[in-house]
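# Structure at a glance
Okay, here's what each chain looks like letter by letter:
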Amino acid sequence: MEEDPGGIDKDRGHPRAIQIIPDEFFWDCTDELAPFGSDEGDMALSEYRDWRKENPVELLVECIIWTIESVGEIDASEYSDAIFHESTVREQIEDPDFDDQQLIYTTDVSVIATAFGQLADEGKIDPSAKPYAARALKRQQVWARLQPDWAHADEYIGNLSRLQTALAEA
């Protein structure tokens, strides 16, 4: 693998990734509503690339599990379909002792950027990692809907829906 290009770059994207998701938002390193445009997404992409250099033949799911456990501070087995139930997400957002910005948003964005980082660089997402990425996308949609007065929720949810379609093709 060549040297880390330092962020997302469509010019260096894998041809299959560009075919699956040519959408400009995906390749935009400044769009906060895109997988790699936030600080969290950009950091996750960088961390994924560092991990891949050290683990060139490992399945992506190993990196995803490490991400969930380190960023989300939970065992990966807890990152089940239950995480995106609206009642669960609502309770977490309303709990003053639960840091939903870190434990929902940052965790999910990190999982999404890790999975789609593999797509951008390698033209695929390992099948074993897809369920985690799907859960992250679904929970982010719920989380975004529950953010009071967030002007960008609809655009963000639209981007997440597009990523779900790309995930199925990847």
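As the structure is a prediction and not an experimental result, all values here were calculated from the model. Residues take numbers from 1 onward in each chain, read along the sequence in its written order. At least 70 in pLDDT is required for a residue's local features to be given in this predicted model, at least 80 for side-chain atom pairs to be given and counted, and no such filter applies to totals for whole chains, interfaces and linings, which use all residues. Each side-chain value is worked out from all heavy atoms of the structure, with water and hydrogens disregarded.

## Quick look at a negative patch on the surface
By definition, no residue in a patch forms a salt bridge, and every one has over 30% relative accessible area; like charges are joined within 9 Å, nonpolar side chains (Val, Leu, Ile, Met, Phe, Trp, Tyr) within 5 Å. Here the accessible surface of atoms and residues is derived via Shrake-Rupley with a 1.4 Å probe, and residues count as covered only by protein chains that are part of the display. Throughout this description, the term salt bridge denotes a Lys or Arg side-chain nitrogen within 4 Å of a carboxyl oxygen of Asp or Glu. Positive: Lys, Arg. Negative: Asp, Glu. His and the chain ends are not part of the count. Here the site of a charge means NZ on Lys, CZ on Arg, CG on Asp, or CD on Glu. The grouping of Glu91, Glu94, Asp95 and Asp97 at the surface amounts to a negative patch. Under the DSSP-based scheme used, a helix requires at least four consecutive residues in state H or I and a strand at least two consecutive residues in state E, with every element numbered from the N terminus. Of note, Glu94 is situated in helix 4 (residues 86-94). Each residue's exposure class comes from its accessible area (1.4 Å probe, protein chains only) as a fraction of the maximum for that residue type: buried when under 20%, exposed when over 50%, partly exposed otherwise. You can call Glu94 exposed: its relative accessible area is 57%.

## Some points on empty space enclosed by the protein
Here a cavity means grid points, on a 1 Å grid over the protein atoms only, where a 1.4 Å probe fits yet cannot get out; a pocket means an open set of points with protein on both sides within 12 Å along at least five of seven lines; lining residues are those with an atom within 4 Å of a point. Grid points are joined across faces, edges and corners, and a volume is the space filled by probe spheres set on the points. Applying the stated criterion across every chain, the model contains 1 cavity of 30 Å³ or more. Counted as a void, the largest cavity has a volume near 80 Å³. Every residue along the wall of the largest cavity is listed here: Glu32, Leu33, Ala34, Pro35, Ser38, Tyr105, Val109, Ile112, Tyr156, Leu160 and Leu163. Residue classes follow a fixed rule: Ala, Val, Leu, Ile, Met, Phe, Trp, Tyr, Cys and Pro count as nonpolar, while Asp, Glu, Lys and Arg count as charged, and any other residue, Gly among them, counts as polar. Of the residues assigned to the lining of the largest cavity, the class counts are 9 nonpolar, 1 polar and 1 charged.

## Quick word on the packing of helix 3 (residues 60-71) against helix 5 (residues 100-122)
Their axes nearest at 9 Å, the elements helix 3 and helix 5 cross at an angle of 165 degrees. Between helix 3 and helix 5, the angle is such that the two are roughly antiparallel. As for how helix 3 packs across helix 5, the hand of that crossing is right-handed. Residue-level inspection shows Leu60, Cys63, Ile64, Thr67, Ile68 and Val71 of helix 3 in contact with helix 5, the latter providing Gln102, Leu103, Thr106, Thr107, Ser110, Val111, Thr114, Ala115 and Gln118. A breakdown of the residues in the contact of helix 3 with helix 5 according to their chemical character gives 8 nonpolar, 7 polar and no charged. For helices, the fitted line uses only the C-alpha atoms of the stretch in contact; every axis is such a line through C-alpha atoms, and the angle between N-to-C directions lies from 0 to 180 degrees. Roughly parallel covers angles under 35 degrees, roughly antiparallel covers those over 145, roughly perpendicular covers 65 to 115, and oblique covers all other angles. Should the near helix be turned anticlockwise from the far one by less than a right angle, the crossing is termed left-handed; should it be turned clockwise, right-handed. Any two residues having at least one pair of non-hydrogen atoms within 4.5 Å are treated as being in contact.

## So, the pattern of salt bridges
Taken as a whole and judged by the stated rule, the model has 9 salt bridges. For Arg139, the salt bridge identified is with Asp108, shortest N-O distance 2.8 Å. Note that Arg139 is positioned in helix 6 (residues 130-145) and Asp108 in helix 5, a separation of 31 residues in sequence.

## So, the nonpolar core
Ranked by size, the top nonpolar core spans 51 residues in total, and within it Phe116, Ile125 and Leu163 carry the most contacts. Put simply, the parts of the chain that give this core at least two residues each are helix 1 (15-20), helix 2 (39-54), helix 3, helix 5, helix 6 and helix 7 (153-169). It is helix 5 that contributes the most residues to this core, 10 residues altogether. Once residues lying within four places of it in the same chain are set aside, the contact partners of Ile125 are Leu60, Ala115, Phe116, Gln118, Leu119, Lys130, Leu167 and Ala170. We call a set of buried Ala, Val, Leu, Ile, Met, Phe, Trp, Tyr and Cys residues a nonpolar core when their side-chain atoms join them within 4.5 Å.

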